[in-house]
Amino acid sequence: MSEFKPLTQAIIDGKVAEVVKLVQEALDDGMGAQAILSDLMIPGMNHVGELMAEEEYFIPDVLLSAKAMRAGVELLEPLLAAEESQTLGHVILGTVEADIHDIGKNMVAMLLKGSGFSVQDLGISVTSDKFLEAVASSEGTVILGMSALITPVLDEMPKTIQAIEKAGLRDRVKIIIGGAPITEEFAEEIGADGTAKDAASAVTLSKKLLA
């Protein structure tokens, strides 16, 4: 018998149709959209991250779980918007220029949304100019999250930070970087405010930086 509730287990198992069915049942039973996401769905993706770290899950498994998670989130999104009175903060995300990997970034985006942040996802191969434009168009303190999976593109991260500094915007931007080649030493070296090893850590760090 699973230690997880059925919806959480369905996320872990990557069962799209089952997730949609169970999300709808939870809504029909009167459970709030935010509670469904936070209490039942996010724990599933957190466990998937743990399984990947333990090398029990691999990329195809994670993709299946992410697809199931996304299907459930799509069902909840209109209701989440209606429930949301204010966000914990605004986060701009993107995979740096010349890198098209986005599995980790997409998981971070889903968990941040589920935790109450507003998220602007710029996608893959995002140039420093596009990151800068997004930051300049935002108001107040924001978090900028940059990801990379391949070592040759890491120089794009300090390039973006320098562009933000040159534009005089650095004092209102908290910068988080992530991806397999990223270390805490590298984050400190380029002037980032922190690094996150996985999606759950990214949410924790985001809350801490905006506290």
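Here the structure is a predicted model, which is why all the values come from computation and not from measurement.

Chemist: Provide a residue-level description of the nonpolar core, including the pertinent values.
Modeler: The biggest cluster of nonpolar side chains holds 44 residues, and the ones touching the most others in it are Met 41, Met 69 and Leu 76. Looking at this core, the elements with two or more residues in it are helix 1 (6–13), helix 2 (16–28), helix 3 (33–53), helix 4 (59–83), strand 1 (90–95), helix 5 (103–114) and helix 9 (199–210). With nine residues, helix 3 is the largest single contributor of residues to this core. Not counting chain neighbours up to four residues away, the residues in contact with Met 41 comprise Leu 7, Ile 11, Val 23, Ile 36, Met 69, Gly 72, Val 73 and Leu 76.

Chemist: Outline the environment of Tyr 57, supporting the account with residue identities and numerical values.
Modeler: You can see Tyr 57 is positioned in the loop between helix 3 and helix 4. Overall, Tyr 57 belongs to the buried group, its relative accessible area being 17%. C-alpha separation for the pair Tyr 57 and Ile 12, spaced 45 residues apart in sequence, amounts to 10.0 Å. In terms of polar contacts, Tyr 57 uses its side chain to reach the backbone carbonyl oxygen of Ile 12, at 2.7 Å.

Chemist: Pulling in residues and values, what's your account of the side chain of Arg 170?
Modeler: Here Arg 170 lies in the loop between helix 7 (156–166) and strand 4 (173–178). Polar side-chain contacts of Arg 170 include one of 3.1 Å to the side chain of Asp 193. Setting aside residues up to four positions removed in sequence, Arg 170 forms contacts with Ile 161, Ile 164, Glu 165, Ile 175, Gly 191, Ala 192 and Asp 193.

Chemist: Describe in detail the pairing of strand 1, supporting the description with residues and values.
Modeler: Side-chain positions along a regular strand alternate between the two faces of the sheet. Of all six residues in strand 1, five are buried, a share of seventy percent or more. Sheet topology places strand 1 next to strand 2 (residues 118–121); four bridges connect them, and they run parallel. Note that in strand 2 the partner of Leu 93 across the bridge is Asp 121. Between the parallel elements strand 1 and strand 2, the chain passes through helix 5 in a crossover that is right-handed. Across six bridges, strand 1 lies against strand 3 (residues 142–147) in parallel orientation. Directly across from Leu 93, in strand 3, lies its bridge partner Gly 145.

Chemist: Please give an account of the sheet that holds strand 1 that cites residues and values.
Modeler: Sheets are built from strands paired through backbone hydrogen bonds, the pairs being either parallel or antiparallel. Here five strands make up an open sheet; going across it, the order is 2-1-3-4-5 and the pairing parallel. Pairing within the sheet leaves two strands with one partner each, and these edge strands are strand 2 and strand 5 (194–196). Each adjacent strand pair in this sheet contributes to an overall mean axis angle of 25°, direction not counted. Of the strands in this sheet, strand 1, strand 2 and strand 3 touch helix 5, which is tilted by about 170° from strand 1. On top of the sheet, helix 9 reaches strand 3, strand 4 and strand 5; it is set at about 160° to strand 4, its chief contact.

Chemist: Explain unusual backbone geometry to me, using residue names and the numbers behind them.
Modeler: With a phi close to 60°, Glu 55 is a non-glycine residue in the positive phi region. Mapped onto the elements, Glu 55 comes out in the loop between helix 3 and helix 4. The class for Glu 55 is exposed, based on a relative accessible area of 59%. Look at Ala 98: it is not a glycine, yet its phi comes out positive at around 75°. The topology assignment puts Ala 98 in the loop between strand 1 and helix 5.

Chemist: So what's going on with the packing of helix 1 against helix 2? Which residues, and what values?
Modeler: At a minimum axis separation of 9 Å, helix 1 and helix 2 run at an interaxial angle of 160°. By the angle between their axes, helix 1 is roughly antiparallel relative to helix 2. Helix 2 is crossed by helix 1, and the crossing has left-handed handedness. Along the contact surface, helix 1 presents Pro 6, Leu 7, Ala 10 and Ile 11, while helix 2 presents Glu 18, Val 19, Leu 22 and Val 23. Classifying every residue of the contact of helix 1 with helix 2 by side-chain character gives seven nonpolar, no polar and one charged.

Chemist: Report on helix 9, specifying residues and quantitative values.
Modeler: The terminal C-alpha atoms of helix 9, which comprises 12 residues, lie 17 Å apart, in line with the 16 Å expected from a rise of 1.5 Å per residue. Restricting attention to buried positions, one finds in helix 9 the residues Ala 199, Ala 202, Val 203, Leu 205, Ser 206 and Leu 209. The inward-facing, buried residues of helix 9 contact helix 5, strand 3, strand 4 and strand 5.

Cut-offs used in this document
Residues numbered from 1 in each chain as written. Predicted model: local features only at pLDDT ≥ 70, side-chain atom pairs only at ≥ 80, totals over all residues. Heavy atoms only, no water. Core = buried A, V, L, I, M, F, W, Y, C linked by side-chain atoms within 4.5 Å. Buried < 20%, exposed > 50% of the residue type's maximum accessible area, 1.4 Å probe, protein only. Helix = DSSP H or I, 4+ residues; strand = E, 2+ residues; numbered from the N terminus. Contact = heavy atoms within 4.5 Å. Polar contact = N/O pair within 3.5 Å; in protein donor to acceptor, adjacent residues only side chain to side chain. Pairing = 2+ DSSP bridges. Right-handed = clockwise from strand over helix to strand, strands pointing away. Axes fitted to C-alpha atoms, helices over the stretch in contact; angles between N-to-C directions. Parallel < 35°, antiparallel > 145°, perpendicular 65-115°, else oblique. Left-handed = near helix turned anticlockwise from the far one by under 90°. Nonpolar A, V, L, I, M, F, W, Y, C, P; charged D, E, K, R; others polar. Expected span 1.5 Å × (residues − 1).

Functional significance is not addressed by these values, which are geometric in nature.
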